[in-house]
Each structure stands twice: as C-alpha cells, then as structure tokens.
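A structural walkthrough
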Amino acid sequence: MTSPRTPSTADAVSEALMPAVGALRRLLRRAAGPVFTSDTVSTSQREVLVAVGRHPGSPVTDIAQELGLAPNSVSTIVTQLVGAGLLVRETDPHDRRVGRLTLTSRAQEQAVVARARRRTVLHDALDRLTPRQVVELAAGIDALGALADELRALERDREAVHP
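Thresholds applied
Residues numbered from 1 in each chain as written. Predicted model: local features only at pLDDT ≥ 70, side-chain atom pairs only at ≥ 80, totals over all residues. Heavy atoms only, no water. Pairing = 2+ DSSP bridges. Helix = DSSP H or I, 4+ residues; strand = E, 2+ residues; numbered from the N terminus. Contact = heavy atoms within 4.5 Å. Axes fitted to C-alpha atoms, helices over the stretch in contact; angles between N-to-C directions. Buried < 20%, exposed > 50% of the residue type's maximum accessible area, 1.4 Å probe, protein only. Arc of directions from axis to C-beta. Patch = residues over 30% accessible without salt bridge, like charges linked within 9 Å, V, L, I, M, F, W, Y side chains within 5 Å. Areas by Shrake-Rupley, 256 points an atom, 1.4 Å probe, with all protein chains shown as cover. Salt bridge = Lys/Arg side-chain N within 4 Å of Asp/Glu carboxyl O. Lys, Arg positive; Asp, Glu negative; His and termini not counted. Charge placed at Lys NZ, Arg CZ, Asp CG, Glu CD. Polar contact = N/O pair within 3.5 Å; in protein donor to acceptor, adjacent residues only side chain to side chain. Core = buried A, V, L, I, M, F, W, Y, C linked by side-chain atoms within 4.5 Å.

1. Things to note about the sheet that holds strand 3 (residues 99–103)
Within the open sheet, the three strands sit side by side as 1-3-2. Their pairing is antiparallel. Single-partner strands in this sheet number two, and they are strand 1 (58–59) and strand 2 (87–91). Bridge count for strand 1 against strand 3 is two bridges, and the pairing is antiparallel. Note that in strand 3 the partner of S58 across the bridge is L101. Strands strand 2 and strand 3 of the sheet are contacted by helix 2 (residues 43–54), whose axis makes an angle of about 95° with strand 3.

What follows is the structure in structure tokens.
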C-alpha cells in the first residue's frame, strides 16, 4: 500500500526532481559526449534526431508531439537535417501528405557509437553504487516512466481544452 500524496511531499519531489534529472543529463552528456557530434547540429536538431532514432518511420507530427514542439517548427528542423545529410524524409505510400522520417546511415552510425559510449559510462557509474542503490534506482525508473505518461496525459488534456 502506498502512502497518500501530500502537498508537502509533492513539493519536495517536484523541487528535487528537475535539478536531479537535469544534472544526470548534463553529466552523462559531458562524460559520454553528445549523441550527434557535428558542430553544425543545434540542440533542437539533436532532439529531433534522437526522437527519430527512437521512432524511425514516424511522421513529423508525431515527432513534434513527442518533443512538445509545433509541427511547422519541426518541419523546418527536418528540412535543415535533410540538407545536412542526417535525415531522410520519404513520402508515405498510403498517404502522400505524410512524410516519414528516418536517420541516414551516417546518423545511425553516430547514434550507435554514442549509445555504446553512454552505456559504458553508465555501467561504470552503476558499478560504483551499492546493490541497494541499484535496486532503488531501478524502481525509480519505473516511477519516472509513470510520471512521463502522466505528463503526456496532462499535455493531451490541455491541448483538448486549448487547441
């Protein structure tokens, strides 16, 4: 049985969560290096590449929704990435209005190398934790996934009220 959420508990978790997640992202990026190493790739472009790498074949609208960006903004970024040779946009054979996105082989190779670097860095750091800390961290990952699902639901609810 879980304990009921109290305003003070929610405040404490929300105040601690953002800095912790931000620190993990920054430290991992510094320790393992960026996913896409091109000096010409902006942060927004990198986010689109990572999202397409996770969901190859997705249309622009799905990537925009995942990133919480306007579809026209993502479309502009996609055009830049196609021009840079990092992304392929193909017309959906069933609906010619939809463009399906995939990484180029060059971008896929960069993503594979970056994933291996991140995994190595994370394994090295996890090896320094106690077994109990690793178990607690694993349980926290499930909770973070549930939190992400709830944030997506809140976003959908807000979009339904304020289209």
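So much for the structure itself; the text now carries on.
2. A short note on helix 3 (residues 60–67)
Among the residues of helix 3, V60, I63 and A64 are the ones counted as buried. Looking straight down helix 3, one finds that the buried residues subtend no more than 100° of arc, so they occupy a single side. Among the structural elements, helix 2, strand 1, helix 4 (71–83) and strand 3 are those in contact with the buried residues of helix 3.

3. So, a positive patch on the surface
Together, R25, R26, R29 and R30 make up a positively charged patch on the protein surface. Considering the arrangement of structural elements, one finds R26 in helix 1 (residues 7–32).

4. Thoughts on the pattern of salt bridges
Counted under the stated rule, the structure contains five salt bridges. Between R54 and E66 there is a salt bridge; the shortest N-O distance is 2.4 Å. Of the two residues, R54 sits in helix 2 while E66 sits in helix 3, which places them twelve residues apart along the sequence. Looking at E66, the relative accessible area reads 35%, which means it is partly exposed.

5. Brief notes about the side chain of T104
In this fold, T104 is placed in the loop between strand 3 and helix 5 (105–127). Relative accessible area serves as the criterion here: at 13%, T104 is assigned to the buried category. Within the structure, T104 has its side chain in polar contact with the backbone oxygen of G85 (distance 2.9 Å). When neighbours within four sequence positions are excluded, T104 is seen to be in contact with G85, L86, L87 and V88.

6. Notes on the nonpolar core
Formed by 21 residues in total, the largest nonpolar core has its most connected members in V48, L49 and L87. If you list the elements that add at least two residues to this core, you get helix 2, helix 3, helix 4, strand 3 and helix 5. Contact partners of L87, with chain neighbours within four places excluded, come to V48, L49, V52, V78, L81, V82, T102, L103 and T104.

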